[in-house]
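Summary of structural features
Each chain, letter by letter, is given below.
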Amino acid sequence: MLQFFSKYKFFAIVLFVLSAIIISIIYSILKPNKVLPVYEPDMVNTELVDSTVQYIRKYHKIADFKLINQNGKEVTQRDYENKIYVADFFFTTCQTICPVMTDHMKEIQERLYEDKDVLLLSHSVTPQIDSVARLKKYAIEKGVDDTKWNLVTGDKKQIYDLARKSYLAAKSDGDGGPYDMVHTENFVLIDKKKHIRGFYDGTDPKEIDRLLEDINILKNENK
């Protein structure tokens, strides 16, 4: 018996290696690539969604917009055409979650600085307070690179509609006052087709890592 195994030892090793390679190839073929969900309004907490769009179950996209950035430049959907981007809502006088969110957005800016496919977009929820000059000052203080990251202000109703009807990322107390749009800690991942592909807690470092991983998944999906 020992002589038999000794005689065919080399053949057995080769057979074992080939079997391992074949199994590995079959597994890689059968294992599906991870695909991010496409979020529709009916999948999101109703507190964050305007009642006029809560029923939508497919084909939801970010609406066209026309806003002004920290340099006084008009920013529209065309500036984000064929780009993956991360959006959030903030205001410059916020002393609670906004500084942490801004620091994490800056981290994303730095880690993806060379990636021309990914941009950032932060909307002020107090546009009547956050003038271009105030946004510019804030951008300089926070290290915003204006080739990568727009801080935008503009018509309050348009920003309100974007937050509640497009990005599904803000609450409202409905009193019509300057602070009636209550932003959340959400970072929102948008694909090249203007679909929402993920929500992330912008105050949580682990969520930032997850967001960056999902951006890579999205980039592979678009290849």
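The notes below deal with the structure included here.

Calculation notes
Residues numbered from 1 in each chain as written. Predicted model: local features only at pLDDT ≥ 70, side-chain atom pairs only at ≥ 80, totals over all residues. Heavy atoms only, no water. Pairing = 2+ DSSP bridges. Helix = DSSP H or I, 4+ residues; strand = E, 2+ residues; numbered from the N terminus. Axes fitted to C-alpha atoms, helices over the stretch in contact; angles between N-to-C directions. Contact = heavy atoms within 4.5 Å. 1 Å grid on protein atoms, 1.4 Å probe; cavity = no way out; pocket = protein on both sides within 12 Å on 5 of 7 lines; lining within 4 Å. Points joined across faces, edges and corners; volume = space filled by probe spheres on them. Nonpolar A, V, L, I, M, F, W, Y, C, P; charged D, E, K, R; others polar. Left-handed = near helix turned anticlockwise from the far one by under 90°. Core = buried A, V, L, I, M, F, W, Y, C linked by side-chain atoms within 4.5 Å. Buried < 20%, exposed > 50% of the residue type's maximum accessible area, 1.4 Å probe, protein only. Salt bridge = Lys/Arg side-chain N within 4 Å of Asp/Glu carboxyl O. Phe/Tyr/Trp six-rings, centres within 6.5 Å; stacked < 30°, edge-to-face > 60°.

**A closer look at the sheet that holds strand β8 (residues 186-190)**
Strand order in the open sheet formed by seven strands is β2-β1-β5-β4-β3-β8-β9, and the pairing between neighbours is mixed. Unpaired on one side and paired on the other, β2 (74-76) and β9 (196-201) mark the two borders of the sheet. Across the sheet, the mean angle separating the axes of adjacent strands is 35° when strand polarity is ignored. The sheet contacts of helix α3 (residues 98-111) involve β3 (84-90), β4 (118-124), β5 (149-153) and β8, and relative to β3 the element is tilted by about 165°.

**Remarks on empty space enclosed by the protein**
Tallied over the full model, the rule gives one cavity of 30 Å³ or more. Approximately 30 Å³ is the volume attributed to the largest cavity. Every residue lining the largest cavity is listed: D88, F90, T102, M105, S122, Y138, W149 and L151. Of all the elements in the fold, those that place two or more residues in the lining of the largest cavity are β3, α3 and β5. For the lining of the largest cavity, the residue count by class is five nonpolar, two polar and one charged.

**So, the packing of α3 against helix α6 (residues 205-221)**
In helix packing, the relevant descriptors are the interaxial angle and the interaxial distance, both defined with respect to the helix axes. Following both chains from N to C, one finds α3 and α6 inclined at 35°, their axes separated by 11 Å at the closest point. Here the hand of the crossing between α3 and α6 comes out right-handed. Counting all contacts with α3, which are made through H104, E107, I108 and R111, the residues of α6 involved are P205, I208, D209, L211 and L212. Partitioned by chemical class, the residues of the contact of α3 with α6 number five nonpolar, one polar and three charged.

**Remarks on the nonpolar core**
Judged by nonpolar contacts, the single largest core of 58 residues is most densely connected at F65, Y85, I108, Y167, F187 and L189. Setting aside residues up to four positions removed in sequence, Y85 forms contacts with I62, F65, Q77, Y80, L119, L121, Y167, V188, L189 and I190.

**Looking at the pattern of salt bridges**
Under the criterion given, the structure shown has 17 salt bridges. As a salt-bridge pair, D64 and K194 come within 3.7 Å of each other at their nearest N and O atoms. With D64 in the loop between α2 (9-30) and β1 (66-69) and K194 in the loop between β8 and β9, the pair connects residues that are 130 residues apart, well separated along the chain. Owing to a relative accessible area of 60%, D64 belongs among the exposed residues under this scheme. Judged by relative accessible area, K194 falls into the partly exposed class, the value being 26%. A salt bridge links D191 to R197; the shortest N-O distance between them is 2.9 Å. Classification of D191 as buried rests on a relative accessible area of 4%. A relative accessible area of 4% places R197 in the buried class.

**With respect to the packing of aromatic side chains**
Taken as a whole and assessed by the stated rule, the structure comprises five aromatic pairs. Ring geometry for Y85 versus Y167: centroids 6.5 Å apart, planes at 80°, classification edge-to-face. Linking Y85 in strand β3 with Y167 in the loop between α5 (156-166) and β6 (170-172), this pair joins segments that are 82 residues apart in sequence. As far as the burial class goes, Y85 and Y167 line up, both buried. Taking the centre distance of 5.5 Å and the plane angle of 35° together, the rings of F90 and Y138 count as tilted. Separated by 48 residues along the polypeptide, F90 in strand β3 and Y138 in helix α4 (residues 132-142) bring together distant segments of the chain. Of the aromatic side chains, those joined through ring pairs into one cluster are Y80, Y85, F89 and Y167.

**A look at the side chain of H195**
Position of H195 relative to the elements: it lies in the loop between β8 and β9. Setting aside its immediate chain neighbours within four residues, H195 contacts V38, H60, K61, L189 and I190.

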